[in-house]
Protein chains: 2
Amino acid sequence: MEQLVAVLGRGVVAADTPLLIADDLGFTRGDGCFDAARLVVGAEGKRVDHLERHLARFARSSALLELPAPDLDAWRALIAEALAAWEVPGEAVLKLLRTRGPERSGAGLTELLTITAASDASAARRGVRAITLNRGYASDAFVDAPWLLGGVKTLSYAVNVAAKREASRRGVDEVIFVSSDGFLLEGPTTGLLVAADDQLWATPTEGTGILPSVTIDAILDEAAAGGVGVSRALFRAEDLPTSQGLWVVSAVRGVLPVLELDGVALPHDPAVTARLAAAAGF
Amino acid sequence: MEQLVAVLGRGVVAADTPLLIADDLGFTRGDGCFDAARLVVGAEGKRVDHLERHLARFARSSALLELPAPDLDAWRALIAEALAAWEVPGEAVLKLLRTRGPERSGAGLTELLTITAASDASAARRGVRAITLNRGYASDAFVDAPWLLGGVKTLSYAVNVAAKREASRRGVDEVIFVSSDGFLLEGPTTGLLVAADDQLWATPTEGTGILPSVTIDAILDEAAAGGVGVSRALFRAEDLPTSQGLWVVSAVRGVLPVLELDGVALPHDPAVTARLAAAAGF
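Please read all numbers here as calculations on a predicted model, not as lab measurements.

What counts and how
Residues numbered from 1 in each chain as written. Chains lettered and ligands numbered in written order. Predicted model: local features only at pLDDT ≥ 70, side-chain atom pairs only at ≥ 80, totals over all residues. Heavy atoms only, no water. Axes fitted to C-alpha atoms, helices over the stretch in contact; angles between N-to-C directions. Helix = DSSP H or I, 4+ residues; strand = E, 2+ residues; numbered from the N terminus. Parallel < 35°, antiparallel > 145°, perpendicular 65-115°, else oblique. Left-handed = near helix turned anticlockwise from the far one by under 90°. Contact = heavy atoms within 4.5 Å. Nonpolar A, V, L, I, M, F, W, Y, C, P; charged D, E, K, R; others polar. Buried < 20%, exposed > 50% of the residue type's maximum accessible area, 1.4 Å probe, protein only. Pairing = 2+ DSSP bridges. Least-squares fit on C-alpha atoms with pLDDT ≥ 70 in both. Buried area = accessible area lost by both parts, 1.4 Å probe. Salt bridge = Lys/Arg side-chain N within 4 Å of Asp/Glu carboxyl O. Core = buried A, V, L, I, M, F, W, Y, C linked by side-chain atoms within 4.5 Å. Domains from an automatic or database assignment. Polar contact = N/O pair within 3.5 Å; in protein donor to acceptor, adjacent residues only side chain to side chain. Expected span 1.5 Å × (residues − 1).

How should I be thinking about the packing of helix α2 (residues 51–64) of chain B against helix α3 (residues 72–85) of chain B in this particular structure?
When two helices pack together, you describe them by how their axes are tilted relative to each other and by the distance separating the axes. Residues and elements named next belong to chain B. Interhelical geometry of α2 versus α3 gives an angle of 135 degrees and a closest axis separation of 11 Å. On the basis of their axis angle, the class for α2 and α3 is oblique. Crossing hand, α2 versus α3: right-handed. Judged by residue contacts, Leu-51, Glu-52, Leu-55 and Phe-58 of α2 engage Leu-72, Trp-75, Arg-76 and Ile-79 from α3. Of the residues in the contact of α2 with α3, the class split is six nonpolar, no polar and two charged.

Looking at this model, I keep getting lost on the side chain of Thr28(A). Mind explaining?
Residue position: Thr28(A) is located in helix α1 (residues 25–28). Of the residues examined, Thr28(A) reaches a relative accessible area of 4% and is grouped as buried. When near neighbours in sequence (up to four residues on either side) are disregarded, Thr28(A) contacts Ala22(A), Asp23(A), Lys95(B), Leu97(B) and Leu155(B).

Explain the sheet that holds strand β2 (residues 11–13) of chain B here, please?
Note on sheets: strands pair through backbone hydrogen bonds, and any given pair is parallel or antiparallel. Residue and element names in this part refer to chain B. Strand order in the open sheet formed by six strands is β2-β1-β6-β5-β3-β4, and the pairing between neighbours is antiparallel. Bordering the open sheet on either side are β2 and β4 (45–48), each of which pairs with just one other strand. Ignoring which end each strand starts from, the neighbouring axes of this sheet average 25 degrees apart. Judged from the three bridges that link them, strand β1 (residues 3–7) and β2 form a sheet pairing that is antiparallel. Within the sheet, the bridge partner assigned to Val-5 lies in β2 and is Val-13. Contacting β3 (32–42), β4 and β5 (90–99), α2 crosses the sheet at an angle of about 170 degrees to β3. Contacts from α3 reach β1, β2, β3, β4, β5 and β6 (110–117) within the one sheet, and its direction differs from that of β6 by about 30 degrees.

I would appreciate a short explanation of the relation of the copies chain B and chain A in the present structure.
Superposition of the two copies of the chain requires a rotation about an axis together with a shift along that axis. The operation relating chain B to chain A is a screw motion whose rotation component is 180 degrees, with 0.0 Å of axial translation and a residual RMSD of 0.0 Å. Both chain copies can therefore be described as sitting about a two-fold axis. Taking C-alpha positions as reference, the residue of chain B nearest the rotation axis is Ser156(B), located at 2.0 Å. Of the residues that chain B buries at the interface, 100% are likewise interface residues in chain A, meaning the two copies contact each other through the same surface.

When you look at the interface of chain B and chain A in this model, what are you seeing that I'm missing?
Often, the extent of an interface is quoted as the loss of accessible area upon association of its parts. Taken together, the 54 residues of chain B in the interface contact 54 residues of chain A. Of the roughly 4600 Å² buried between chain B and chain A on both sides combined, carbon and sulfur atoms contribute 60%. Considering only the side of chain B, the residues that lose the most area to chain A are Phe27(B), Arg29(B) and Trp147(B), jointly responsible for 19% of the buried surface there. For the pair chain B and chain A, the number of links is four salt bridges. Glu66(B) is the salt-bridge partner of Arg169(A), the closest N and O atoms lying 3.0 Å from each other. If you list the elements that add at least two residues to the side of chain B that touches chain A, you get β1, α1 (25–28), β5, β6, β7 (128–134) and α5 (158–169) of chain B.

Explain the environment of Ala59(B) here, please?
Here Ala59(B) shows up in helix α2. Distance from Ala59(B) to Asp71(B), taken between C-alpha atoms, is 9.0 Å for residues twelve residues apart in sequence.

Would you mind showing me how to read the sheet that holds strand β2 (residues 11–13) of chain A here?
Residue and element names in this part refer to chain A. Spatially, six strands are ordered β2-β1-β6-β5-β3-β4 in an open sheet, and the strand pairing comes out antiparallel. On the outer flanks of this sheet lie β2 and β4 (45–48), each paired with one strand and no other. Direction aside, the axes of adjacent strands within the sheet are offset by 25 degrees on average. Note that strand β3 (residues 32–42) and strand β5 (residues 90–99) share ten bridges and pair antiparallel.

Please clarify how the nonpolar core should be interpreted in this entry.
One broad rule of soluble globular proteins: the nonpolar side chains tend to lie buried together. Ranked by size, the top nonpolar core spans 86 residues in total, and within it Leu113(A), Ile115(A), Leu113(B) and Ile115(B) carry the most contacts. Not counting residues within four places of it along the chain, the set of residues in contact with Leu113(A) comprises Leu4(A), Val5(A), Ala6(A), Trp75(A), Leu78(A), Ile79(A), Ala82(A), Leu94(A), Lys95(A) and Leu96(A). Counting residues in each nonpolar core, the second largest holds 26 residues, with Ala22(A), Leu155(A), Val5(B) and Val13(B) among its members.

Just checking my understanding: could you explain the domain arrangement of chain A for this structure?
Residue and element names in this part refer to chain A. Its domain assignment divides chain A into domain 1 (3–118) and domain 2 (123–280). One C-alpha centre belongs to domain 1, the other to domain 2, and the line joining them spans 25 Å. It is Phe-34, Arg-53 and Arg-57 that lose the most area in domain 1 upon contact with domain 2, and together they represent 33% of the buried surface on that side. Here domain 1 is connected to domain 2 by two salt bridges. Across the pair Arg-125 and Glu-91 runs a salt bridge whose closest N-O atoms are separated by 2.8 Å. The interface formed by domain 1 and domain 2 contains nine residue pairs in polar contact (both at pLDDT 80 or more). The set of elements that each furnish at least two residues to the side of domain 1 that touches domain 2 consists of β3, α2 (51–64) and β5. The element that contributes the greatest number of residues to the side of domain 1 that touches domain 2 is β3, accounting for seven residues. In terms of residue class, the side of domain 1 that touches domain 2 is made up of eight nonpolar, seven polar and nine charged.

In this structure, what is going on with the pairing of β4(B)? I would like to understand it.
Walk down a regular strand and you will see the side chains alternate between the two sheet faces. Residue and element names in this part refer to chain B. Bridge count for β3 against β4 is four bridges, and the pairing is antiparallel. Each bridged residue has a counterpart across the sheet, and for Val-40 the counterpart in β4 is Arg-47. Hairpin geometry of β3 and β4 is characterised by an intervening segment of two residues between the two adjacent antiparallel strands.

Any chance you could explain helix α6 (residues 214–225) of chain A here in plain terms?
In an α-helix there are 3.6 residues to a turn, and that puts residues three or four apart on one side. Residue and element names in this part refer to chain A. For α6, built from twelve residues, the straight-helix expectation of 16 Å at 1.5 Å per residue is met to within 8% by its first-to-last C-alpha distance of 17 Å. What α6 keeps buried is the set Val-214, Thr-215, Ile-216, Ala-218, Ile-219, Leu-220 and Ala-223. At the C-terminal side of α6, Gly-227 shows a positive phi close to 90 degrees.

Quick question: what am I supposed to make of the environment of Ile219(A) here?
All names here are of chain A. Position of Ile-219 relative to the elements: it lies in helix α6. Distance from Ile-219 to Ala-279, taken between C-alpha atoms, is 5.2 Å for residues 60 residues apart in sequence. Setting aside chain neighbours within four positions, we find Ile-219 in contact with Leu-193, Leu-200, Val-249, Val-255, Leu-276, Ala-279 and Ala-280.

Here's what the structure looks like:
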């Protein structure tokens, strides 16, 4: 079993069970949201990293889409049921999804989760090569424009997927989106972390359209508790060669040092990567 | 029967048949495309307006998403089968959809169509009130940035849907997106047409991210054949009070005169609207 599917109100179903009807707005309009967390099955049991933070972000995405609030207790129960049924050792992706549901019948939201065995991220955790791609928006485009859904983890990810295809075409691992005014924003499925001036810097999520990263927030909390200065700022690619490192961070794949951006080598200290990864639970 | 569903390779199925599995990329990523045409069932039979133009745009969207080309003969046969089974008199929406398909199994594309009875557009055809909403992109943002999927009718429409919610909240009928540099672009589900200097003006679709409008192209072809000057240009809202009219155009709802934009009354000649509607087949 490589994948498990469970439906809210129904429980675990066979993974190849058709679930969405033809006019589900999550399918026809990408009108819904998701969240994704890492699941680890090891000798010490099963755990989902930062589950409550992911549930909180899932609820926030729902609110910004003006969907009814998720019943988090029902979600927790469904996740527990799914975890009990998932026995594949190693890392997996727990994805929670909800849509506005069928359009014509108004039957209510479609809500389900999947657990999928994760692909091996060990090479990426040693380092990735990235390119910048223009995201087309200015870094302040989302101020006072809630209809642009900045920072909402919607099901409308076609541009994110297209950017990943562009990276493959150019023979690199990752994309970092850049605003039209030249600031590094985030990756299609990652957030950014910069070390500079012996501090950790994350990107600001208000007004920039950047998705708040659960994993980066967890790292910043750990770092601050350990006495490391943490702050938020927008960086330009040309600032990075004189920094102490750049990472793209994913809840599932972890803390990936960017060794090269647009062909320019970046500084990297594996000991710092190890500390950041440990702070995130990797 | 208010809705009919038919699946490529399978034919007509009950409308409430679950069709998509949980990891279909059209659902999880909005990674797919669609097109929508008007179907009219009248005393003289059934017809789909501009079907071949819609099929061509569907194929173009597929190509820009790097999906395999649609088998248009198979689509035409499926449409014919669906039309034969659809008996509701009046106007309906024929929607064609295709996704990259299930992610894990790689089982291939999900391809289906729906026919849905259209809601009554007669009031909108007499006139609508609209607001402008910033789309966040500059009018040249899509030049040399194919990963932004400008002009591709993808399933990732969450922003379009959110903009329509914003219009409802503000008590108006329609939204016209404006570029960050102040140009009127298109609506969430409409194209724009302007009359000025005794010519018809459509918005340019290259580099602007604007979806090519099948219905506007049909109107422009008819107008040019009748000796009317047709051209393409970007307009600002402040240009419109001195124009001869602004219309938002939908394949399904038709040619809708904008009587008021951001609270400013616009010129309107119902005789021109009637001619434009007739040119589009309404």
